[in-house]
Amino acid sequence: MAEVPTTITVSNSHQGDYPIVVRRGVIHEVADYLPGDANKVLIIHAPALATIAEGLREGLSAAKEVFLAELPDAEGAKRIEVASFCWGVLGQLDFHRNDVIVSLGGGATTDVAGFVAATWLRGVPLVHIPTTVLGIVDAAIGGKTGVNTQEGKNLVGAFYAPHAVLVDPDVLGGLSENEVKAGFAEIVKAGFIADPRILELIEEDPTLAIDTTSEVFEELLARAIAVKARVVGDDFMEQGLREILNYGHTLGHAIEHAERYQWRHGVAVSIGMIFAAELSRIVAGLDDASVERHRSILQSLGLPVTYPPDRWRTLLATMQKDKKARGGVLRFVVLDAIGKPRVLAIPDESVLFAAYAELGQSAQ
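Reference entry: report on the structure contained in this document. (Residues numbered from 1 in each chain as written. Predicted model: local features only at pLDDT ≥ 70, side-chain atom pairs only at ≥ 80, totals over all residues. Heavy atoms only, no water.)

1. Comments concerning the overall build of the protein chain
Along the protein chain, the regular secondary structure elements total 13 helices and 11 strands. Over its C-alpha trace the protein chain gives a radius of gyration of 20 Å, about what one expects of a compact globule, namely 21 Å for 364 residues. Principal axes of the C-alpha set define a box for the protein chain whose edges measure 60 × 45 × 35 Å. Sequence separation of at least 24 residues holds for 74% of the intrachain contacts in the protein chain that already meet a minimum separation of 6. (Helix = DSSP H or I, 4+ residues; strand = E, 2+ residues; numbered from the N terminus. Rg over C-alpha atoms; globule rule 2.2 N^0.38 Å. Contact = heavy atoms within 4.5 Å.)

Dropping the structure here:
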């Protein structure tokens, strides 16, 4: 078993480097990672984490004024009205630029808390404590923040780096197996675009891979975090390299929109990666074995790999509004081979439809 790093540093020339600390029990050390001159702390948390949030408040209250703000659950939090509620709380608390916001929750919570921190007084310190697999390996890292609109997912947001990210695998023990599996789509993505060892570890024992108490699980978290940390460190503002992190996401986001955000992000991205793999086979010559490897790994984790053929026109219309489209031309991350991604503009709708048709074929 490879040694799991306890701290991964994200390089950020725009807003300063920050640590991602991966260690069981680190949630109890949050005081050590707050800015020293902070007087007030607002813990923005998901509903299911009210007890943990209260425990953090009690632990910090000897040295800080600590307040709690509970958000709606999951994607229901990612609305401008929720951000506005948080701004109102900050105003009532007379929150200053040296005070700090702590997020406690999954990806939706970190997205909203990050957006609120980025926009209040044009930026206050932010510490993330992600509590889902998806939040840990994706949403809490890299400084992307935002809310959804009727027109699409994450269309309103900002790039804003946290002060620190604290990853405590012990807080994942209460997650359902389905929630853990959904988060694993982003771990699998990291394997396909950059670190094939991730794929090997899952293939060796999928059950052990999703066991949140195992060393294998910790290594997979750390490896996926390291992939994203390297990429966002080189391209914080998504001007080039960072686009590879969108592998499987263009169609995935469209599926989320079509399902009215009732599907977990990772479930939709799983299908999106199958689409991206089929597209890669058509336009980049990805070999058949690698395409099928996508299906076998995702299915071994209990993730879906198909979607109804008759939904194509709806999905295409949503993708055409995607923020990754430029000049009306859709851009996709494709693989020349495992670990070798690139971004490709694809103006020919028939090529996209041919790849999508394979999602229905695989169900037969």
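2. With respect to the nonpolar core
In a soluble, globular protein the nonpolar side chains are often hidden away together inside. Among the nonpolar cores identified, the biggest contains 103 residues, and Ile 20, Phe 184 and Phe 275 are the most heavily contacted of them. It is helix α8 (residues 215-234) that provides the largest number of residues to this core, a total of 11 residues. In terms of nonpolar packing, the next biggest core, distinct from the first, is built from 24 residues, Cys 86, Leu 90, Trp 120 and Val 147 among them. (Core = buried A, V, L, I, M, F, W, Y, C linked by side-chain atoms within 4.5 Å. Buried < 20%, exposed > 50% of the residue type's maximum accessible area, 1.4 Å probe, protein only.)

3. Regarding the pattern of salt bridges
Evaluated as defined, the whole model comprises 24 salt bridges. A salt bridge links Glu 243 to Arg 331, with the nearest nitrogen and oxygen atoms 2.7 Å apart. Pair noted here: Glu 243 is in the loop between α8 and α9 (249-258) and Arg 331 is in strand β10 (residues 330-337), with a separation of 88 residues, a long-range link. Each member of the pair Glu 243 and Arg 331 is classed as buried. Its salt-bridge partner being Arg 281, residue Asp 288 comes within 2.9 Å of it at the nearest N-O pair. Accessibility expressed as a relative area gives 49% for Asp 288, which makes it partly exposed. On the basis of relative accessibility, which here comes to 25%, the residue Arg 281 falls in the partly exposed class. In this structure, a network of salt bridges that share partners links the residues Glu 278, Arg 281, Asp 288, Glu 292 and Arg 295. (Salt bridge = Lys/Arg side-chain N within 4 Å of Asp/Glu carboxyl O.)

4. Some remarks on the sheet that holds strand β1 (residues 7-10)
If you walk across this open sheet you meet the seven strands as β1-β2-β9-β6-β5-β3-β4, and the pairing is mixed. The sheet is open, and its two edges are formed by β1 and β4 (65-70), each paired on a single side. Going from strand to strand, the sheet's axes swing by 15 degrees on average, the running direction of each strand aside. Sheet topology note: the strand β2 (residues 18-22)/strand β9 (residues 164-167) ladder contains three bridges and is parallel. Following the sheet pairing, Val 22 is matched in β9 by Val 167. This element, helix α2 (residues 80-92), spans β3 (40-45), β4 and β5 (100-105) of the sheet and lies at about 160 degrees to β3. (Pairing = 2+ DSSP bridges. Axes fitted to C-alpha atoms, helices over the stretch in contact; angles between N-to-C directions.)

5. Some remarks on the environment of Ser 270
Mapping Ser 270 onto the fold places it in helix α10 (residues 265-283). Sequence separation between Ser 270 and Ala 182 is 88 residues, and the spatial gap between their C-alpha atoms is 8.3 Å. Residues in contact with Ser 270, not counting those within four places in the same chain, are Ala 185, Leu 298, Leu 303 and Pro 304.

6. Topic: the packing of aromatic side chains
Tallied over the entire structure, the rule returns seven aromatic pairs. Centre to centre, the rings of Trp 312 and Tyr 356 are 5.0 Å apart; their planes meet at 35 degrees, and the pair counts as tilted. With Trp 312 in helix α12 (residues 312-319) and Tyr 356 in helix α13 (residues 349-361), this residue pair connects regions lying 44 residues apart in the sequence. Among the residues examined, Tyr 356 registers a relative accessible area of 1% and is labelled buried. Of the aromatic side chains, those joined through ring pairs into one cluster are Phe 275, Trp 312, Phe 332, Phe 353 and Tyr 356. (Phe/Tyr/Trp six-rings, centres within 6.5 Å; stacked < 30°, edge-to-face > 60°.)

7. Section: the packing of helix α5 (residues 177-193) against α10
Across the interface, α5 lies against α10 with an axial gap of 6 Å and an inter-helix angle of 40 degrees. Compared by their axis directions, α5 and α10 come out oblique. In the packing of α5 onto α10, the handedness of the crossing is left-handed. Contacts between α5 and α10 involve Ala 182, Ala 185, Glu 186, Val 188 and Lys 189 from the first element and His 265, Gly 266, Val 267, Val 269, Ser 270 and Met 273 from the second. In terms of residue class, the contact of α5 with α10 is made up of six nonpolar, three polar and two charged. (Parallel < 35°, antiparallel > 145°, perpendicular 65-115°, else oblique. Left-handed = near helix turned anticlockwise from the far one by under 90°. Nonpolar A, V, L, I, M, F, W, Y, C, P; charged D, E, K, R; others polar.)

8. Regarding the pairing of β9
Both faces of β9 are covered, namely the face carrying Ala 164 and Leu 166 and the face carrying Val 165 and Val 167. Where strand β6 (residues 126-130) and β9 come together, two bridges link them in parallel fashion. Bridging across to β9, His 128 finds its partner in Val 165.

9. Points about the environment of Gly 142
Within the secondary structure, Gly 142 is located in the loop between α4 (133-139) and β7 (144-149). The spacing of Gly 142 and Glu 243 is 101 residues in sequence and 12 Å in space, taken between C-alpha atoms.

10. A closer look at the side chain of Lys 181
Relative to the helices and strands, Lys 181 resides in helix α5. Ignoring anything within four residues of it in the chain, the contact list for Lys 181 reads Ile 210, Leu 301, Gly 302 and Leu 303.

11. Description of the pairing of strand β8 (residues 152-159)
The sheet contact formed by β7 and β8 spans five bridges and is antiparallel. Bridge pairing in β8 links Thr 145 to Ala 158.

12. Some words on helix α11 (residues 288-300)
In this model α11 runs 18 Å from its N-terminal to its C-terminal C-alpha over 13 residues, within 8% of the 18 Å that 1.5 Å per residue would give. All of the buried residues along α11 are Ser 290, Val 291, His 294, Arg 295, Ile 297 and Leu 298. Two or three places before Ala 289, at the opening of α11, Asp 287 has a side-chain oxygen 3.2 Å from that residue's backbone nitrogen. Positive backbone phi, approximately 80 degrees, marks Gly 302, located one or two places after α11. (Expected span 1.5 Å × (residues − 1). Polar contact = N/O pair within 3.5 Å; in protein donor to acceptor, adjacent residues only side chain to side chain.)

Read these as spatial facts, not as claims about activity.
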